[in-house]
Amino acid sequence: MAGEVVTGYHSRHAPVGIFRWLTTTNHHEIGILYLANSFLFFLIGGVLALLMRTELAYPGRTIVDASTYMELFTMHGTTMIFLVAIPILAGFGNLMVPPLIGAKDMAFPRINALSFWLIPTAGVIMWLGAANIGWTGYTPLSVYDKSFGVDMWIVGLQLLGISSTAGAINFLVTIFRHRAPGITFNNLSLFVWSIMVTQGLVLLATPVLAGGLFILLLDRHGMTAFLSPLVGGDPIMWQHLFWFYSHPAVYIMILPAMGIISEVIPRMSHKPIFGYKAIALSTVAIGFLSFGVWVHHMFTTGLSISARLPFMIITLAIAVPSGIKIFNWIATMWGGAIELKAPMLFAIGFVTMFVIGGINGVFQAPIPLDYPLQDTYWVVAHLHYVLFGGTILGVFSGFYFWFPRMSKRMYSERLARWHFGFTMIGFNAVFFTMHFLGLEGMPRRIYDYSQFYDLQFLWTLNWLATLGAFVLGFGQVFFLANIVWTFVKGPVSDPDPWGEIPAQMHEPRVPGVPVYAMPIHAMANGGSPEGSTESRESPRAP
């Protein structure tokens, strides 16, 4: 029946222990599985980053050779993007979208479970292969490299594409068909808005990458010749296919984090969100414009200037809706009773680091400036300010904000502050330094820079970046310690310990939506306090 929600369990004889987690179809538990799996790969990918930075701390060969370095580089990029940043935000979607729209579960619980379990399966396949072609898989190298690891890399990405596509359909059907009667697009949570636009991007962009991977696999085994220049193929075609997916994928990784920030800042400022409609529409605008910027990754590939100019203009224009969000978040904080708890600290960190990432991206967008900066460490700095300074800091903000809901315990604020401090200091030490490496012309994807003229200066900068990387890595120890402490000694907490903003206290409630999951925006047309079916009590364990 249309609108019916199938719950995860129908009987009191539900599985217990490890078997429960292996067979669950409950959105809350699947969301936790997404987060746990992504944090595990985050730690593994971080170790690879430390190994690369150790190699680059000194000129010449230090701990690995060129081939091993390329494997580290390939698996670090693949892990952090495809196994961490994209699925971890789907985990927050699983955790919070159903309660924010008044649904009991996702529309298709079993498909939801399948979408998750494909991710660790794909991760194992790719890690067993350990390809050394770079995380972008540029042709013709990925065509002519006959190692079996490249085939496993392709298969793993295809499985991740199936997972993402199935998840996108599930999210969109859930949001469009299973909202509570009082939840409309005029009062929809901004986090749900971001998930909805993100899943639209996934549904439109992922098939393009899947097609490119299929072509690459056929070319590798001599069945076709689309990408092989030796037989008349065009290796640049792969870049078009890859970046047509991968630049929208940047916003697949950042939009849900922006949605998290749009939930955290009003709650921790104790003010309603400023410019609700502007933030919602800017989310849609980012999604629309993201499909018109992929060629800015290819300004140095020989394309005609007439083909490049429109992409330069759209690259500059896409900064406008992001700027709208920044100004609205600042306006929300302005004059508010701000609580500088861990969620708010990481939210402020997100805003500041994302501004830096946006500015250095706009700086590089003009074609003349792209020429000297393309494929240098400037690009590495920009990428990490957007994806770590943006996505990962947003993830930490959301984690601390919703951790009491997941664990029903309160984390240690002291450990969270140490985590924030070391993360911010280490992050800026390693990646801000890379701007200067890029300006000095140091290319990325190399493991030795001893042949450069100004060796002493590059050595100093790389040593500082490596030191910053270890400070950043050490900061994550506080995060792990906080999780352990919370489950061992953490005090029992209300699912929403942050309280309500003043303007919400007397707003009408939507029946079926718990108070702690209410959208920050005012609930026009939404139920009444007496009609609410859930109180502020802690929810039952799923």
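Above this text sits the structure in question.
What you see is a predicted model, and the numbers here were worked out from it, not measured in a lab. (Residues numbered from 1 in each chain as written. Predicted model: local features only at pLDDT ≥ 70, side-chain atom pairs only at ≥ 80, totals over all residues. Heavy atoms only, no water.)

Asks: How should I be thinking about the overall build of the chain in this particular structure?
Replies: Helix and strand content of the chain: 16 helices and zero strands. Looking at the chain as a whole, 57% of its 542 residues are labelled buried. For the chain, the accessible area works out to roughly 21,400 Å², and carbon and sulfur atoms hold 71% of it. (Helix = DSSP H or I, 4+ residues; strand = E, 2+ residues; numbered from the N terminus. Buried < 20%, exposed > 50% of the residue type's maximum accessible area, 1.4 Å probe, protein only. Areas by Shrake-Rupley, 256 points an atom, 1.4 Å probe, with all protein chains shown as cover.)

Asks: What is the right way to read the pattern of salt bridges from this model?
Replies: When the charged atoms of two side chains with opposite charge come close together, those side chains can pair. Using the criterion set out here, one finds five salt bridges in the structure. The salt bridge involving Asp-375 is made with Arg-445; its shortest N-O contact spans 3.1 Å. Taken together, the residues Asp-375 in the loop between α13 (367-373) and α14 (377-407) and Arg-445 in the loop between α15 (413-439) and α16 (455-489) connect sequence positions 70 residues apart. The partner of Arg-417 in a salt bridge is Glu-413, and the shortest N-O contact between them spans 3.9 Å. Residue Arg-417 and its partner Glu-413 are located together in helix α15, separated by four residues, close to a single helical turn. Residue Arg-417 is classed as partly exposed on the basis of its relative accessible area, which comes to 40%. Via salt bridges that share partners, Asp-375, Arg-444 and Arg-445 belong to a single interconnected network. (Salt bridge = Lys/Arg side-chain N within 4 Å of Asp/Glu carboxyl O.)

Asks: Help me understand helix α2 (residues 27-56) in this model?
Replies: With 30 residues, α2 ought to run about 44 Å at 1.5 Å a step, and its terminal C-alpha atoms sit 43 Å apart, in line with that. For α2, the N-terminal cap is Asn-26; the gap from its side-chain oxygen to the backbone nitrogen of His-28 is 2.9 Å. (Expected span 1.5 Å × (residues − 1). Polar contact = N/O pair within 3.5 Å; in protein donor to acceptor, adjacent residues only side chain to side chain.)

Asks: Explain a nonpolar patch on the surface to me, please; I cannot follow it from the model alone.
Replies: A cluster of nonpolar residues, Tyr-58, Trp-459, Trp-463, Leu-464 and Leu-467, forms a patch on the protein surface that exposes about 470 Å² of accessible area. Inspection of the secondary structure puts Tyr-58 in the loop between α2 and α3 (66-101). Owing to a relative accessible area of 39%, Tyr-58 belongs among the partly exposed residues under this scheme. (Patch = residues over 30% accessible without salt bridge, like charges linked within 9 Å, V, L, I, M, F, W, Y side chains within 5 Å.)

Asks: Where do I start with the nonpolar core in this structure?
Replies: Among soluble globular proteins, nonpolar side chains are generally buried collectively. Judged by nonpolar contacts, the single largest core of 152 residues is most densely connected at Phe-92, Trp-153, Phe-191, Trp-329 and Phe-350. A total of 20 residues in this core trace back to one element, the largest contributor, which is α3. Sequence-distant contacts of Trp-329, that is, excluding residues within four places in its chain, are made with Met-258, Ile-261, Ser-262, Ile-265, Ile-273, Ile-279, Phe-350 and Val-351. (Core = buried A, V, L, I, M, F, W, Y, C linked by side-chain atoms within 4.5 Å. Contact = heavy atoms within 4.5 Å.)

Asks: Explain the packing of aromatic side chains here, please?
Replies: Counted according to the given criterion, the structure contains 45 aromatic pairs. A centroid spacing of 5.5 Å and a plane angle of 50° characterise the contact between Phe-346 and Phe-396, whose relative ring orientation is tilted. Linking Phe-346 in helix α12 (residues 342-364) with Phe-396 in helix α14, this pair joins segments that are 50 residues apart in sequence. Take Phe-346: its relative accessible area is 0%, and that puts it in the buried class. (Phe/Tyr/Trp six-rings, centres within 6.5 Å; stacked < 30°, edge-to-face > 60°.)

Asks: Explain the environment of Leu-213 here, please?
Replies: Summarising the element assignment, Leu-213 is placed in helix α7 (residues 190-220). Residue Leu-213 is classed as buried on the basis of its relative accessible area of 1%. A sequence separation of 76 residues divides Leu-213 from Gly-137, and the C-alpha atoms of the two residues are 9.6 Å apart. Setting aside its immediate chain neighbours within four residues, Leu-213 contacts Trp-153, Ile-154, Leu-157, Gln-158 and Trp-238.

Asks: Explain the environment of Leu-309 to me, please; I cannot follow it from the model alone.
Replies: Its location among the elements puts Leu-309 in helix α10 (residues 305-317). Along the chain, Leu-309 and Ile-367 lie 58 residues apart, while their C-alpha atoms are 8.0 Å from each other.

Asks: Any chance you could explain the packing of helix α9 (residues 276-289) against helix α11 (residues 319-333) here in plain terms?
Replies: If you want to describe how two helices pack, look at the angle between their axes and the distance between the axes. Relative to each other, α9 and α11 sit at 155°, their axes nearing to 8 Å. As judged from the angle between their axes, α9 and α11 are roughly antiparallel. Relative to α11, α9 is oriented so that their crossing is left-handed. Contact residues: Ala-278, Ile-279, Ser-282, Thr-283, Ala-285, Ile-286 and Leu-289 in α9; Pro-321, Ser-322, Ile-324, Lys-325, Asn-328 and Trp-329 in α11. Grouping the amino acids of the contact of α9 with α11 by side-chain chemistry returns eight nonpolar, four polar and one charged. (Axes fitted to C-alpha atoms, helices over the stretch in contact; angles between N-to-C directions. Parallel < 35°, antiparallel > 145°, perpendicular 65-115°, else oblique. Left-handed = near helix turned anticlockwise from the far one by under 90°. Nonpolar A, V, L, I, M, F, W, Y, C, P; charged D, E, K, R; others polar.)

Asks: Hey, could you run me through unusual backbone geometry in this one?
Replies: Leave glycine aside and you will find that most residues have negative phi; peptide bonds, for their part, are mostly trans. Residue Pro-140 is reached from Thr-139 by a cis peptide bond, and omega for that bond is 10°. Mapped onto the elements, Pro-140 comes out in the loop between α4 (109-129) and α5 (141-144). One non-glycine residue, Arg-445, adopts positive backbone phi at about 70°.

Asks: Help me understand the packing of helix α6 (residues 148-177) against α7 in this model?
Replies: Remark: α6 packs on α7, axes separated minimally by 8 Å, with the N-to-C direction vectors making an angle of 155°. Between α6 and α7, the angle falls in the class roughly antiparallel. Note that α6 runs across α7; the crossing there is left-handed. Taken together, the residues of the contact of α6 with α7 sort by class into 20 nonpolar, eight polar and two charged.

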